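# Structural overview for review
Residues per chain, in single letters:
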Number of protein chains: 2
Amino acid sequence: MKLESFELGTKIGKEEYAEALPELRVALLNAQFDLRKAGFSVVLLLAGDDYQGVDELVDVLHEWLDARYIDTEVFLRPTDVERERPLFFRYWQALPPRGRVGIHVGGWAVGAVRAEVLDEGTPESRAQTLRHVSGFERGLVEDGTLLLKVWVHLSPKEHARRRKSGKRPAGAEDEEGSRWVWEQPAEALRAAEDFIEKTDTASAPWWIVEGTNDRHRNLTVARALLEALEGRLGSASEPESSAGLAVRLPPAPDVLGNVDLRAELSRKEYRSQLDDLQDRVRKLAIEARERRVATVLAFEGWDAAGKGGCIRRITRPLEARDYRVVPIAAPSELEQAHHYLWRFWRELPARGRIVVFDRSWYGRVLVERVEGLARDDEWLRAYEEIRDFEEQLTESGAALAKFWLHIDPDEQLRRFRAREQTPYKKYKITDEDYRNRDRWDDYAAAVNDMVARTSSDSAPWHVVAANDKRHARLRVLEETCNALESALARA
Amino acid sequence: MKLESFELGTKIGKEEYAEALPELRVALLNAQFDLRKAGFSVVLLLAGDDYQGVDELVDVLHEWLDARYIDTEVFLRPTDVERERPLFFRYWQALPPRGRVGIHVGGWAVGAVRAEVLDEGTPESRAQTLRHVSGFERGLVEDGTLLLKVWVHLSPKEHARRRKSGKRPAGAEDEEGSRWVWEQPAEALRAAEDFIEKTDTASAPWWIVEGTNDRHRNLTVARALLEALEGRLGSASEPESSAGLAVRLPPAPDVLGNVDLRAELSRKEYRSQLDDLQDRVRKLAIEARERRVATVLAFEGWDAAGKGGCIRRITRPLEARDYRVVPIAAPSELEQAHHYLWRFWRELPARGRIVVFDRSWYGRVLVERVEGLARDDEWLRAYEEIRDFEEQLTESGAALAKFWLHIDPDEQLRRFRAREQTPYKKYKITDEDYRNRDRWDDYAAAVNDMVARTSSDSAPWHVVAANDKRHARLRVLEETCNALESALARA
């Protein structure tokens, strides 16, 4: 998961904040009161690259909740007692009993990320720790604990601004505090992303919260806690099996809402750039063939967003033997008789080849989710499955880029109408296309979740403004070149 | 898991075999026929250090099942198509559709173990592969696949015998066949144990089958397959969620049944050895204190098996400040409000100290399982949780030994009666002790499972014949010394 996708600069004003607080605080206290008689505990792991923000958040939560029923533990330098025992001793000690809230500040998350940044131990020992983290979290969840993991994030720009301001945040002097972030911000963010990606599961997903605006941060976390608590209190307190526990996906940033759809390009500008980019694609494809680097491009987007046109602009400069376009429709009977990823594995390119997927494995978290073709537990765990699938692809050396072509509903309607007027495009429009428009908001939410939970450095999502087709095509060509270049650089 | 615990030399005679076959084969065919209309697939992963045994087994299964509905794939040297793609491409390709049985010979298991033995790739890449194995297996199970993993094992003695016989087994010449086992049997077994331990989960447990007697091997695997298939066919074919799938624990070898309880020691012999061993314990404890190595001893056993007496023989030569005995009874209210492992984490010794648990975390898979105090899914996953817990202990450098003191029911009754005659021991006997005797067989099965699934090199179980108390005490002292010595050697 890219922390970057959560950098939206959301701000909440003083008034809005003051207005929201009274009700929120009463609800929190009520939920906490009900928790005391419920058969489960709450563990809130508060971590982040914004050390000071985490610190302030803890104070706020202590103020808003009934502090008598909170067990807070700030994990700084291990004590003598802790150093004498296995690493997880301290985390076990700090676990709250059923009925109480435990706030773990830093905890196993910051410990593991810091070890990576400071190169503590060996790669093997750190891999072991990661396995123990998974086991620990799974154990808690299976035991009925409501585990919430919050990462408070600041953009690199905000980190730089604070560093320049000369005002060192609390803990910046301290090796166990935030010195590792203060001194190596880029490494810290990379290690954090890696850790978050490897520990983000369907039953214990990470909530990434931007820390730039403290009111936004406080409200977001408190509301998340409240919602999760109320959701859990509302369900059976003694589930038949641990898998029965409802899991809610943390809210994703509104990536689509933040796309600037006004981008436009003149025909002339387009022509000249198109030639250059297609030339670049051709050369890179030849190099990839020679150096045996596979390429996978996945296209998703609204109906009529122009996927086909983009794909044609990419394949035109390629040699026919080098690429294959795989259109993905509803699965065949044989495909339905397999795991949903099976048909995509089958289509993976050999080294040196290019496969372009026109729609992809993301159908699982888009159409299958929205149309109820997959159960909640199925699409919820798909993020992790897809990350693992793509990781195997890129570990094997392949270039991978994923595109969401974004248009607005008005533009879509215009295109539908235009297609109906064009004889050779008429077949492209069906009643279903119109029906899908009714679920625009559901699809938008699914796209936001998808982008937030499956973007990574080696498998990035490109959300492309596509109201202007020329702009979209160039952007797609450019990112395809970038993907190829970075895979070739790694090869 | 120690492969050694499965080396029992079980043999099945020709007649017994011939008698069992007809019914078994009809049942297999019927189950396979029903599978065709069921909504799930079966994947049978057949691997092992007995390459030839696996080979023969595949032939037998093809004969006994309807081969038209089996997809068998023998994973030898990757083909060109496979080498061009990520490692798991071949395993995905070979997955059967719902309604069919897929037999994966070697598969991801042998691939990973061989990579470890031959030092292929880097430790990091092998750790990655292990993560992908977990993801792959979990994905299959969550998708509804009935995943059965069988490891056919030969004892080192049998391996040596076959090597000496000069008759190279099939595949021994071939790097992708069994050359890695043939040439490095000790490394192969160690790597296999490690892999099995790390991939043995509650939803996809490993079935270890001894390959020495081919009739025993064939019957065991065929019966396991049949039982699993029938169990699954009998349950709802479309489960609400993947966690609803019934999982059966593979049968464990009858370790208790194979203990020779006749071992006896004269008082004189006992005296002299006791002094020596206690002297050794004292010296090792001093060295452990100085070199800051922690020690954990866990005692389990039948009621009246003599745990207390053994513990006293160990603690007597120790200095009071160095050790602590922790008696484990029913959990307190606070302990019950936590994860069951919580109270054991709290009691872990500091470096250089010794903690002796009189009963332990194994209560989860013993009394809680047998008395129904834990749900099936709870105690089933406990094996993995306990292995992770003990791994963290030994990774931190601690010495760990676990004892099951074994007596037979007659001896227990004699001791109960004797206690009732002895005023100061009378308090030790309650009605509950008598009630527990009624469930002797259930407890014995639980002990066999426990020993099979939680023994490892660094955390071995010692099943001690305890009808003769003197013999038991010396054996416990000796294994305690061994545990300390091996931890000190690693320190």
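The next point concerns the overall build of chain A. Each helix and strand counted, chain A has 20 helices and ten strands in total. Scaling as 2.2 N^0.38, a compact globule of 491 residues should have a C-alpha radius of gyration of about 23 Å, and chain A matches this with 24 Å. Each principal axis of the C-alpha distribution contributes one length, and for chain A these read about 70 × 50 × 45 Å. In chain A, 81% of the contacts between residues at least 6 apart in sequence involve partners at least 24 apart. For chain A, the accessible area works out to roughly 21,400 Å², and carbon and sulfur atoms hold 47% of it.

Moving on to the interface of chain A and chain B. Contacts between the two partners involve 54 residues from chain A, matched on the other side by 54 residues from chain B. Carbon and sulfur atoms supply 47% of the area that chain A and chain B bury against each other, a total of about 4,900 Å² over both sides. Looking only at chain A, the three residues that lose the most surface to chain B are E84, W92 and W345 of chain A, adding up to 14% of its buried area. Linking chain A to chain B there are 32 residue pairs in polar contact (both at pLDDT 80 or more). Elements supplying a minimum of two residues to the side of chain A that touches chain B: α4 (89-93), α6 (123-142), α13 (333-336), α14 (342-346) and α16 (376-395) of chain A. Residue classes in the side of chain A that touches chain B are distributed as 19 nonpolar, twelve polar and 23 charged.

With that out of the way, let us pick up the side chain of D449 of chain A. Residue and element names in this part refer to chain A. Here D449 shows up in helix α19 (residues 440-454). Overall, the relative accessible area of 7% leaves D449 in the buried class. Not counting residues up to four positions away in its chain, the partners in contact with D449 are L249, P250, A252, R369 and Y383.

A word on the packing of helix α12 (residues 307-315) of chain B against helix α20 (residues 469-490) of chain B. Residues and elements named next belong to chain B. The N-to-C vectors of α12 and α20 enclose an angle of 50 degrees; their axes lie 9 Å apart at closest approach. Here α12 lies oblique to α20, going by the angle between them. Remark: the crossing between α12 and α20 carries right-handed chirality. On α20, the residues touching G309, C310, R313 and I314 of α12 are A472, R473, V476, L477 and T480. Tallied by class, the residues present in the contact of α12 with α20 amount to five nonpolar, two polar and two charged.

Before going further, it helps to examine the sheet that holds strand β6 (residues 295-301) of chain A. Paired through their backbone hydrogen bonds, the strands of a sheet run either parallel or antiparallel. All names here are of chain A. Taken together, the five strands give an open sheet; going across it, the order is β7-β8-β6-β9-β10, and neighbouring strands pair in parallel fashion. The sheet is open, and its two edges are formed by β7 (323-327) and β10 (461-465), each paired on a single side. Across this sheet, the average inter-strand angle for adjacent strands is 20 degrees, counted without regard to direction. Packed on one face of the sheet, helix α12 (residues 307-315) meets β6, β7, β8 (354-358) and β9 (399-406) and runs near 160 degrees to β6. Lying over the sheet, helix α20 (residues 469-490) contacts β6, β9 and β10, oriented at roughly 165 degrees with respect to β9.

What follows concerns the pairing of strand β10 (residues 461-465) of chain B. Residue and element names in this part refer to chain B. Taken across its five residues, β10 has five buried, putting it largely inside the fold. The side-chain alternation of β10 yields two buried faces, one formed by W461, V463 and A465 and the other by H462 and V464. For strand β9 (residues 399-406) and β10, the ladder comprises five bridges, and the chain directions are parallel. Across the sheet, F403 pairs through a bridge with H462, a residue of β10.

All names here are of chain B. When you line up the elements, D303 lands in the loop between β6 (295-301) and α12. A relative accessible area of 16% means that D303 is categorised as buried. A distance of 3.2 Å separates a polar atom in the side chain of D303 from a polar atom in the side chain of N436. Excluding residues within four positions of it along the chain, D303 makes contact with R359, I407, Q412, F416, D433 and N436.

Residue and element names in this part refer to chain A. A contiguous patch of positive charge on the surface is contributed by R267, R271, R312, R316, K428 and K469. In this structure, R267 sits in helix α11 (residues 267-290). The class for R267 is exposed, based on a relative accessible area of 61%.

Time to look at unusual backbone geometry. Residue D119 of chain A is not a glycine yet carries a positive backbone phi of 60 degrees. Relative to the assigned elements, D119 of chain A resides in the loop between α5 (107-117) and α6. On the basis of relative accessible area, D119 of chain A is assigned to the exposed category, the value being 54%. Positive phi, normally seen in glycine, also occurs at R359 of chain B, with a value near 70 degrees. By the element assignment, R359 of chain B lies in the loop between β8 (354-358) and α15 (367-370). Relative accessible area serves as the criterion here: at 26%, R359 of chain B is assigned to the partly exposed category.

A few words now on the packing of helix α6 (residues 123-142) of chain B against helix α9 (residues 185-199) of chain B. All names here are of chain B. Contact geometry of α6 with α9 gives a least axis separation of 10 Å together with a crossing angle of 45 degrees. In terms of their interaxial angle, α6 and α9 are classed as oblique. Taken as a pair, α6 and α9 cross one another with a handedness that is right-handed. Of the residues in α9, those in contact with L130, V133 and E137 of α6 are F195, K198 and T199. Among the residues forming the contact of α6 with α9, the class breakdown is three nonpolar, one polar and two charged.

Once turned by 180 degrees and shifted 0.0 Å along the axis, chain A lies on chain B with an RMSD of 0.0 Å. As the rotation angle and translation indicate, the two copies are arranged about a two-fold axis.

Scanning the model with the defined rule gives 44 aromatic pairs over all chains in all. Summarising the aromatic geometry, the rings of W379 of chain A and Y383 of chain A are spaced 6.4 Å apart at their centres and angled 85 degrees between planes, so their arrangement reads as edge-to-face. Here W379 of chain A and its partner Y383 of chain A are both found in helix α16, four residues apart, which amounts to about one turn of the helix. Both residues of the pair, W379 of chain A and Y383 of chain A, count as buried. Ring plane angle 85 degrees and centroid distance 5.2 Å describe the contact between W361 of chain B and F389 of chain B, whose orientation is recorded as edge-to-face. Linking W361 of chain B in the loop between β8 and α15 with F389 of chain B in helix α16 (residues 376-395), this pair joins segments that are 28 residues apart in sequence. We classify W361 of chain B as buried; its relative accessible area is 1%. Using a relative accessible area of 2% as the deciding quantity, one classes F389 of chain B as buried. Its guanidinium or amino end placed over the ring of W379 of chain A, R369 of chain A lies 4.0 Å from that ring's centre, counting from NZ or CZ. Of note, R232 of chain B hangs over the ring of F40 of chain B, and the distance from its end group to the ring centre comes to 4.2 Å.

A few words on the pattern of salt bridges. Applying the stated criterion across every chain, the model contains 92 salt bridges over all chains. Among the ionic pairs, R83 of chain A bridges to D80 of chain A, the shortest N-O distance being 3.4 Å. A residue pair is termed a helical-turn pair when its members lie 3 or 4 positions apart in one helix, as R83 of chain A and D80 of chain A do in helix α3 (residues 80-83) at three residues. Overall, R83 of chain A belongs to the partly exposed group, its relative accessible area being 44%. Overall, D80 of chain A belongs to the exposed group, its relative accessible area being 58%. Among the charged side chains, a salt-bridge network with shared partners connects E142 of chain A together with R375, D377, E378, R381 and E385 of chain B.

Turning next to the domain arrangement of chain A. All names here are of chain A. Examined at the domain level, chain A breaks down into domain 1 (3-233) and domain 2 (256-490). Facing the eleven residues of domain 1 at the interface are ten residues of domain 2. Summing both sides of the interface, domain 1 and domain 2 together bury roughly 870 Å²; the carbon and sulfur share of this comes to 44%. Three residues stand out in domain 1 for area buried against domain 2, namely E197, D200 and A202, and they jointly supply 50% of the buried area on that side.

Reading guide: rules and limits
Residues numbered from 1 in each chain as written. Chains lettered and ligands numbered in written order. Predicted model: local features only at pLDDT ≥ 70, side-chain atom pairs only at ≥ 80, totals over all residues. Heavy atoms only, no water. Helix = DSSP H or I, 4+ residues; strand = E, 2+ residues; numbered from the N terminus. Rg over C-alpha atoms; globule rule 2.2 N^0.38 Å. Contact = heavy atoms within 4.5 Å. Areas by Shrake-Rupley, 256 points an atom, 1.4 Å probe, with all protein chains shown as cover. Buried area = accessible area lost by both parts, 1.4 Å probe. Polar contact = N/O pair within 3.5 Å; in protein donor to acceptor, adjacent residues only side chain to side chain. Nonpolar A, V, L, I, M, F, W, Y, C, P; charged D, E, K, R; others polar. Buried < 20%, exposed > 50% of the residue type's maximum accessible area, 1.4 Å probe, protein only. Axes fitted to C-alpha atoms, helices over the stretch in contact; angles between N-to-C directions. Parallel < 35°, antiparallel > 145°, perpendicular 65-115°, else oblique. Left-handed = near helix turned anticlockwise from the far one by under 90°. Pairing = 2+ DSSP bridges. Patch = residues over 30% accessible without salt bridge, like charges linked within 9 Å, V, L, I, M, F, W, Y side chains within 5 Å. Salt bridge = Lys/Arg side-chain N within 4 Å of Asp/Glu carboxyl O. Lys, Arg positive; Asp, Glu negative; His and termini not counted. Charge placed at Lys NZ, Arg CZ, Asp CG, Glu CD. Least-squares fit on C-alpha atoms with pLDDT ≥ 70 in both. Phe/Tyr/Trp six-rings, centres within 6.5 Å; stacked < 30°, edge-to-face > 60°. Lys NZ or Arg CZ within 6 Å of the ring centre and 35° of its normal. Domains from an automatic or database assignment.

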